[in-house]
Amino acid sequence: MTIRTVGIIGAGTMGNGIAQACAVAGLQAVMVDVAQAAVDKGVATVGGSLERLVKKDKLTAADKDAALARIKGSTNYEDLNGAQIVIEAATENEELKLRILKQVDSLVAPEVIIASNTSSISITKLAAATSRADRFIGMHFFNPVPMMALVEIIRGLATSDETHALVQQLAKDLGKTPITVKNAPGFVVNRILVPMINEAFFVLAEGLATPEDIDAGMKLGCNHPIGPLALADMIGLDVCLAVMEVYLREYGDSKYRPCPLLKEMCAAGRLGRKTGRGVYTY
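Quick summary incoming for the structure in this document. Since this is a predicted model, take the numbers as computed values, not measurements.

This next bit is on the nonpolar core. Within the largest apolar cluster, 35 residues are counted, with the highest numbers of intra-cluster contacts made by Val6, Ile18, Ile85, Ile87, Met139, Phe141 and Leu170. Here this core takes six residues from helix H1 (residues 13-24), the largest share from any one element. Contact partners of Val6, with chain neighbours within four places excluded, come to Cys22, Leu27, Gln28, Ala29, Val30, Ala83, Ile85, Ile87 and Leu170. Counting residues in each nonpolar core, the second largest holds 26 residues, with Cys240, Tyr247, Tyr256 and Cys259 among its members.

This is how it looks when you write it as structure tokens:
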């Protein structure tokens, strides 16, 4: 099977980023969301992103127009017919994802691969909600999708070698570098990253250093491009908390206990950039 058309569920940050990566690579992208306003915003976001690349001379105006023409926004799941793979990129909510995956599974042809962009939920569990566990896989992109080179390819218990090979090749076709990961909470990158962020909150709560000095220490001492607290604000403190709670529940190890300060800031609605205030004020 050759992948020429990619269906994407979700027109938010991850969904429109995946659509952009597909379109720039010459693939057709069908981006579906529940509301037309969300679809329009997603397409407009891609347009703005591509325009910035044109201004930086990284893309020609003609290539921008051609890429945009390859993206079809829709609120109708029926428009996913014709795609060789459908990538679910909805909010990181297990119940929502299971509902979406069951719906997609009932609509698309049996040979179509279904992938999830989940960052923490079991691929085996999500696959069990479909009738094609052998053609189900995790395809975890990183934000911002057009810029980040990595894709984690996560095999569920029943994922076939053929499915893995096709999705691995798709990642390469998108200009990404795939790594293959076993199914486990947090997979590889977030399994390491989010506990580090959580530990930064413990350091902050204990008054060992200011937020600015904690972030400067990790940037200058570990050569990280952004400090852990600033990164938490970018990811969303609520997302970081939710991931730590998944780890604590699934692994049953106290080392994954969410920092009380992180929990308190979430309770206060200080979730980071998206609310205008997290560790820092925006």
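The subject of this paragraph is the packing of helix H9 (residues 228-235) against helix H10 (residues 237-251). Remark: H9 packs on H10, axes separated minimally by 6 Å, with the N-to-C direction vectors making an angle of 100 degrees. Between H9 and H10, the angle falls in the class roughly perpendicular. Of H10, the residues touching H9 (which contributes Ala232, Asp233 and Ile235) are Leu237, Val239 and Cys240. Looking at side-chain class alone, the contact of H9 with H10 contains five nonpolar, no polar and one charged residues.

Glancing now at helix H11 (residues 260-267). Because each turn of an α-helix spans 3.6 residues, side chains separated by three or four positions end up pointing in the same direction. Considered for burial, the residues of H11 that qualify are Leu262, Met265 and Cys266. In a view along the axis of H11, the buried residues occupy a sector of 100 degrees, so they form one face of it. In H11, the exposed positions that point more than 90 degrees away from the buried face belong to Glu264 and Ala267. If you follow the buried residues of H11, they end up packed against helix H7 (189-205) and H10. Directly after H11, the chain includes Gly269, whose backbone phi takes a positive value near 80 degrees.

Cut-offs applied
Residues numbered from 1 in each chain as written. Predicted model: local features only at pLDDT ≥ 70, side-chain atom pairs only at ≥ 80, totals over all residues. Heavy atoms only, no water. Core = buried A, V, L, I, M, F, W, Y, C linked by side-chain atoms within 4.5 Å. Buried < 20%, exposed > 50% of the residue type's maximum accessible area, 1.4 Å probe, protein only. Helix = DSSP H or I, 4+ residues; strand = E, 2+ residues; numbered from the N terminus. Contact = heavy atoms within 4.5 Å. Axes fitted to C-alpha atoms, helices over the stretch in contact; angles between N-to-C directions. Parallel < 35°, antiparallel > 145°, perpendicular 65-115°, else oblique. Nonpolar A, V, L, I, M, F, W, Y, C, P; charged D, E, K, R; others polar. Arc of directions from axis to C-beta.

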